[in-house]
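If you want the building blocks of each chain, they are given just below.
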Amino acid sequence: MKIIKLNAIDSTNSFLKEMATNTSAENFTIVVAESQTNGRGQQDCVWLSEPFKNLTFSVYLSFRKFQIKHKKNLLFAVSLAVYEAIKEETELSISIKWPNDILSGNKKICGILIENSIQKDKIKHAVVGIGLNVNQTEFSKITSNVSSLKLLTRQNYDLDVLLKTIVSKLKIRIDQLACKEFEKLEEDYLKVLYKKNTPTMFKDRKGVLFMGLISGISKEGLLQIELEDETIKEFGIKEVSFV
Ligand code: BTN
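Residues numbered from 1 in each chain as written. Predicted model: local features only at pLDDT ≥ 70, side-chain atom pairs only at ≥ 80, totals over all residues.

Chemist: Help me understand the overall build of the chain in this model?
Modeler: Secondary structure assignment for the chain yields five helices and twelve strands. Considered along the principal axes of its C-alpha atoms, the chain spans approximately 50 × 45 × 30 Å. Residue burial in the chain is summarised as follows: out of 243 residues, 35% are buried. (Helix = DSSP H or I, 4+ residues; strand = E, 2+ residues; numbered from the N terminus. Buried ≥ 20, exposed ≤ 12 C-beta atoms within 10 Å, placed from the backbone.)

What follows is the structure, encoded as structure tokens:
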């Protein structure tokens with residue numbers, strides 16, 4: 001395992017993606033930055049993180065030795081690893097919000113950006129970016145549903161210890177992927193999924209509110225919601241939001 005520590009970079013995901021295309025990166029190469037000038041989030045959002053206070057890093061995963069059947073399996077493995085590491089280090093009560101945010105109550109403490117390189121319908125490699133709010137205690141007012149480990153537990157955390165725990169949990173979950181334990185991964189993910197089997201208000205892409213129950217994740221990784229008339233509808237990330 002190779003760890004590259006940087007003071008500042010635009011984005012650890014962009015750095016690692018470029019490195020992987022220019023050289024043959026080793027499996028589990030990790031790039032950690034103390035600060036990012038252009039941190040990227042899901043759906044082309046920016047990821048803001050106070051320098052030196054939080055964990056912002058990316059991991060390169062190679063899928064040359066084994067194949068994963070569906071993209072969602074990687075998403076399950078990564079989210080569960082981060083979830084388990086945070087639980088181990090903090091004992092906080094947390095959940096995974098589909099697809100892969102980590103929440104404490106309804107506050108986001110960690111975001112994950114998985115960028116796959118696909119060839120002939122198969123994932124060749126992936127860059128997994130993780131942004132965990134650790135010791136930051138002030139957030140901009142626009143981001144009201146955000147928190148950090150320190151705000152929630154009133155403790156300071158060692159970033160290197162957290163990184164080590166996340167990476168070791170990730171290795172275990174990636175081994176499960178290699179062993180094709182897809183059902184176990186899905187079962188574990190659904191057990192800790194935010195609002196699973198709880199009547200919840202959602203908003204569709206037109207802004208229309210509706211009640212439903214999260215019932216599962218489709219083969220393609222879509223969120224399955226059981227509606228009031230008991231039909232099940234599937235939604236992509238841009239098609240639904242929690243109210
Ligand atoms: C999200 O939108 O929730 C995903 C956020 C992912 C942020 C991390 S920070 C390290 C890595 N580098 C980036 O530019 N993004 C990811």
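Chemist: Can you help me understand the pairing of strand E1 (residues 3-9) in this one?
Modeler: It is a general feature of regular strands that their side chains alternate between the two faces of the sheet. Sheet topology note: the E1/strand E2 (residues 30-36) ladder contains six bridges and is parallel. Its bridge partner lying in E2, Leu6 is registered against Ala33. Since E1 and E2 lie parallel, the crossover through helix H1 (residues 12-22) that links them has a hand, and here it is right-handed. (Pairing = 2+ DSSP bridges. Right-handed = clockwise from strand over helix to strand, strands pointing away.)

Chemist: It is not clear to me how the UniProt feature "domain: BPL/LPL catalytic" (unreviewed entry) in the chain should be interpreted in this structure. Could you clarify?
Modeler: Mapped onto the present numbering, the UniProt feature "domain: BPL/LPL catalytic" (unreviewed entry) falls on residues 1-178. With 31% helix and 30% strand, residues 1-178 has its two end C-alpha atoms placed 18 Å apart. (UniProt positions renumbered as here; feature names shortened; annotations may be inferred.)

Chemist: Sorry if this is basic, but what is going on with the site of the ligand here?
Modeler: Around the ligand lies a shell of 20 residues, among which Ser11, Gly41, Gly111, Gly129 and Gly131 are the nearest. Contributions of two or more residues to the shell around the ligand are made by H1, strand E3 (55-62), strand E6 (107-119) and strand E7 (122-132). (Near = placed C-beta within 6 Å.)

Chemist: Looking at this structure, I do not really get H1. What am I missing?
Modeler: Within an α-helix, residues lying three or four positions from one another point in the same direction, as the helix has 3.6 residues per turn. Among all positions in H1, only Thr12, Asn13, Leu16, Lys17 and Ala20 are buried. Each buried residue of H1 sits inside an arc of 130° when the element is viewed along its axis, so together they form one side. More than 90 degrees from the buried face of H1, the exposed residues found are Thr21 and Asn22. Where the residues of H1 are buried, they touch E1, E2, E3, E6 and E7. (Arc of directions from axis to C-beta. Contact = placed C-beta atoms within 7 Å.)

Chemist: Just to check I follow, could you spell out the domain arrangement of the chain for this structure?
Modeler: Where interface size is given, it is often the accessible area lost as the parts come together that is meant. Looking at the chain, the domain boundaries give domain 1 (3-191) and domain 2 (200-242). When each unit is reduced to the centre of its C-alpha atoms, the spacing between domain 1 and domain 2 is 25 Å. Taken together, the contact between domain 1 and domain 2 spans eight residues of the former and seven residues of the latter. Per-element tally for the side of domain 1 that touches domain 2: the top contributor is helix H2 (residues 71-90), with three residues. A breakdown of the residues in the side of domain 1 that touches domain 2 according to their chemical character gives four nonpolar, two polar and two charged. (Domains from an automatic or database assignment. Nonpolar A, V, L, I, M, F, W, Y, C, P; charged D, E, K, R; others polar.)

Chemist: When you look at the pairing of strand E11 (residues 232-235) in this model, what are you seeing that I'm missing?
Modeler: Bridge count for strand E10 (residues 223-227) against E11 is four bridges, and the pairing is antiparallel. Residue Leu223 lies in a different strand from E11, and its bridge partner there is Phe235. Here E10 hands over to E11 after four residues, with Glu230 in that stretch at a positive phi of 70°.

Chemist: Explanation requested: helix H5 (residues 182-191) in the structure shown.
Modeler: Buried within H5 are the following residues: Leu185, Asp188 and Tyr189. Buried residues in H5, looked at end-on, bunch into an arc of 100°, giving them a common side. Exposed and oriented more than 90 degrees from the buried face of H5 are Glu183, Glu187 and Lys191. In this structure, the buried side of H5 is in contact with H2, strand E4 (95-97) and helix H4 (159-178).

Chemist: Can you walk me through the sheet that holds E1 in this structure?
Modeler: Backbone hydrogen bonds hold the strands of a sheet together, and the pairing may be parallel or antiparallel. With mixed pairing, the seven strands of this open sheet are ordered in space as E1-E2-E3-E7-E6-E5-E4. One side of each edge strand has no neighbouring strand; the edge strands of this open sheet are E1 and E4. The sheet shows a mean angle of 25° between the axes of neighbouring strands, direction not considered. (Axes fitted to C-alpha atoms, helices over the stretch in contact; angles between N-to-C directions.)

Chemist: Explain unusual backbone geometry here, please?
Modeler: What you tend to see is this: most non-glycine residues have negative phi, and most peptide bonds are trans. Cis peptide bonds are those with omega within 30 degrees of zero, and the linkage from Trp98 to Pro99 qualifies with 0°. One can find Pro99 in the loop between E4 and strand E5 (101-104). One non-glycine residue, Phe52, lies in the positive phi region at around 70°. Assignment of secondary structure puts Phe52 in the loop between E2 and E3. The phi dihedral of Asn197 is positive, around 60°, even though this residue is not glycine.

Chemist: Before we go on, may I ask you to explain the environment of Leu74 in this structure?
Modeler: In this fold, Leu74 is placed in helix H2. The exposure class assigned to Leu74 is buried, which follows from the 23 C-beta atoms found within 10 Å. Separated by 133 residues in the primary sequence, Leu74 and Gly207 place their C-alpha atoms 30 Å from one another. Leaving out residues up to four positions away in the same chain, Leu74 has contacts with Ile68, Ile114, Ile123, Ala126 and Leu177.

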